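# Descriptive analysis of the structure
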Amino acid sequence: MNKIIIRIIASVAVLAIIIYLVFPSVLSSEKENANENQAPAQSNTKISIDAQVVKFETFENDIVLTGSLLANESVQLASEISGKIDNIYFEEGEYVKEGKLLVKTNVADLEANLQRLKFTAQLNAETEKRQKQLLEKEAISKEEYDIAFTNLKTTQAEMDALQAEIDKSRIRAPFSGYIGLRYVSEGSYITPTSQIASLYNVDPIKVEFSVPSRYSGLVKKGSKITFTSEAENKDREATVYAIEPQIDPVTRTLSARAQAPNPNNTLIPGQFIRINLSLENRENAILIPTTAIMPKADGHTVFIIKEGKAHLQDVQLGARTANRVEILKGVNQGDTVAIAGVPQLKDRAEIDIKKLEK
């Protein structure tokens, strides 16, 4: 059995040697043909990309912030003393001028006391006058005159205090503006905590917003901002008039306020707004899509297309926008930069431009 196996193995080995010696040129030619067929396929492979021709632009470096509108002046109307409302002299939504009488409460008892004090003051004034004449004639002592003079001044002081209490019963508009909704009626008993109505002055209107601390140096008194309210689709301009003197330690933002004209009262306090804050504008800036940028350990690179090949180029980045980035160094006007298909590229790879933006 073992002799048969040995003979078979020997026969196979001899046959293999004969084939190798007789057909070596055939095998080698087939191998060469296979290599020749593969080589052109590799050399003809090109990577498809999109590219853009770089040109100078005006770079408007803006940031978008959120804020809210505030009334120029606002107050909750309330009484300084308790009492029953006798009269209401305004309508809801009415425009009132500064000093207009709005509400009057019942102070009949105070007015009666004031009238009594007026008569007492008149009597004390006549007494003081007679005592002064007698003092000049040395008919009375200085002490007797001082008593009459003190009685007169005390009565006058009591009248002034009573008049001040009566004035508190009359609520007047502290500034010109629009009355809001009314929460009381004539005959209601009110206290200093009772809400009567609100008064608003909305022309000009205030714009309140916060700026990230890294941009705090760019916001100054007199700076211009543009904003859009949620109720209208148009830009308005406001002027910064006040800035908080410190950065908020929690939010790391700087609070500021601006004023904008509102002659038609179309802007309403409390509205949410979007603010466009212009940081700086630069002429002759180079901007390319962020998709063109490839990060590396010590910076960033782009691929510049020259003579049908992609050439790796180090670049220095500047400011960013939502989808573009400023190139400070490494790319010149007129260069063609790969902007799509970039992750597939290698230095000096052959490329096929599918779309070229100029």
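Residues numbered from 1 in each chain as written. Predicted model: local features only at pLDDT ≥ 70, side-chain atom pairs only at ≥ 80, totals over all residues. Heavy atoms only, no water.

### Quick notes on the overall build of the chain
What counts here: Secondary structure elements are taken from DSSP: a helix is a run of H or I of four residues or more, a strand is a run of E of two residues or more, and numbering for both begins at the N terminus. Burial classes: relative accessible area under 20% of the type maximum marks a residue as buried, over 50% as exposed, and values in between as partly exposed (1.4 Å probe, protein chains only). We call two residues in contact whenever any of their non-hydrogen atoms come within 4.5 Å of each other. Per-residue accessibility takes into account occlusion by the displayed protein chains alone, with areas from the Shrake-Rupley method and a 1.4 Å probe.
Helices and strands together make up the secondary structure of the chain, namely four helices and 21 strands. Looking at the 358 residues of the chain, the share that counts as buried comes to 32%. In the chain, the proportion of contacts linking residues at least 24 apart, taken out of those at least 6 apart, comes to 73%. Within the structure as shown, the chain displays about 22,600 Å² of accessible surface, and the carbon and sulfur contribution to it stands at 51%.

### Observations regarding the confidence of the model for the chain
How we decide: Scored between 0 and 100, pLDDT is the confidence that the predictor attaches to each residue.
Mean pLDDT over the chain stands at 86; residues scoring 70 or higher make up 87%. Within the chain, helix α2 (residues 24–43) has the poorest average pLDDT of any element, 47, and strand β10 (residues 197–201) the best, 95. Residue range residues 31–43 is modelled with pLDDT below 50. Its contacts to residues more than four positions away, or to other chains, number one contact.

### Quick look at the pattern of salt bridges
When the charged atoms of two side chains lie near each other, side chains of opposite charge can form a pair. Rule in force here: Salt bridge criterion: a side-chain nitrogen from Lys or Arg within 4 Å of a carboxyl oxygen from Asp or Glu.
Taken as a whole and assessed by the stated rule, the structure comprises eight salt bridges. Note that Glu 111 and Arg 170 form a salt bridge whose closest N and O atoms lie 3.4 Å from each other. Residue Glu 111 is located in helix α3 (residues 108–136), and its partner Arg 170 is located in strand β7 (residues 170–172); the two are separated by 59 residues in the primary sequence. Look at Glu 111 and you get partly exposed, because its relative accessible area is 32%.

### Remarks on helix α4 (residues 142–168)
The α-helix advances 3.6 residues per turn, and as a result positions three or four apart in sequence lie on the same side. Filter applied, for reference: In this scheme, a helix's expected span is set at 1.5 Å multiplied by one less than its residue total.
With 27 residues, α4 extends 39 Å from end C-alpha to end C-alpha; this agrees with the ideal 39 Å at 1.5 Å per step. The inward-facing, buried residues of α4 abut α3 and β7.

### Thoughts on the environment of Arg 182
Heads up, the rule is: Polar contact criterion, stated in full: a pair of N or O atoms within 3.5 Å, where within protein one must be able to donate a hydrogen and the other to accept it, and residues adjacent in sequence count only if both atoms are side-chain atoms.
Within the element layout of this structure, Arg 182 appears in the loop between β8 (177–179) and β9 (189–190). Judged by relative accessible area, which is 32%, Arg 182 ranks as partly exposed. If sequence neighbours within four positions are ignored, Arg 182 has contacts with Ile 88, Phe 90, Glu 92, Ile 196 and Ala 197. Here Val 184 takes part through its backbone oxygen, which lies 2.6 Å from a polar atom of the side chain of Arg 182.

### Focus on the sheet that holds β9
In plain terms, the rule: Paired strands are those between which DSSP finds at least two bridges.
Pairing in this open sheet of four strands is antiparallel, and the strands run β7-β6-β4-β9 from one edge to the other. Of all the strands in the sheet, just β7 and β9 have a single pairing partner and so form its edges. Inspection of the sheet shows strand β4 (residues 83–88) paired to β9 by two bridges, in the antiparallel sense. Note that in β9 the partner of Lys 84 across the bridge is Tyr 189.

### Here we look at the nonpolar core
Defined as follows: Residues grouped as a nonpolar core are buried Ala, Val, Leu, Ile, Met, Phe, Trp, Tyr and Cys residues, joined through side-chain atoms within 4.5 Å.
Counting residues in hydrophobic clusters, the biggest one holds 20 residues, and the most contacted among them are Val 207, Phe 209, Ile 225, Phe 227 and Ile 275. In terms of residues, this core owes the most to one element, strand β11 (residues 205–212), which gives four residues. Not counting chain neighbours up to four residues away, the residues in contact with Phe 227 comprise Leu 69, Val 207, Lys 234, Asp 235, Arg 236, Glu 237, Ala 238, Ala 260, Leu 267, Ile 273, Arg 274 and Ile 275. By size, the runner-up hydrophobic cluster in this structure holds 16 residues, among which are Ile 88, Val 96, Ile 190 and Ile 196.

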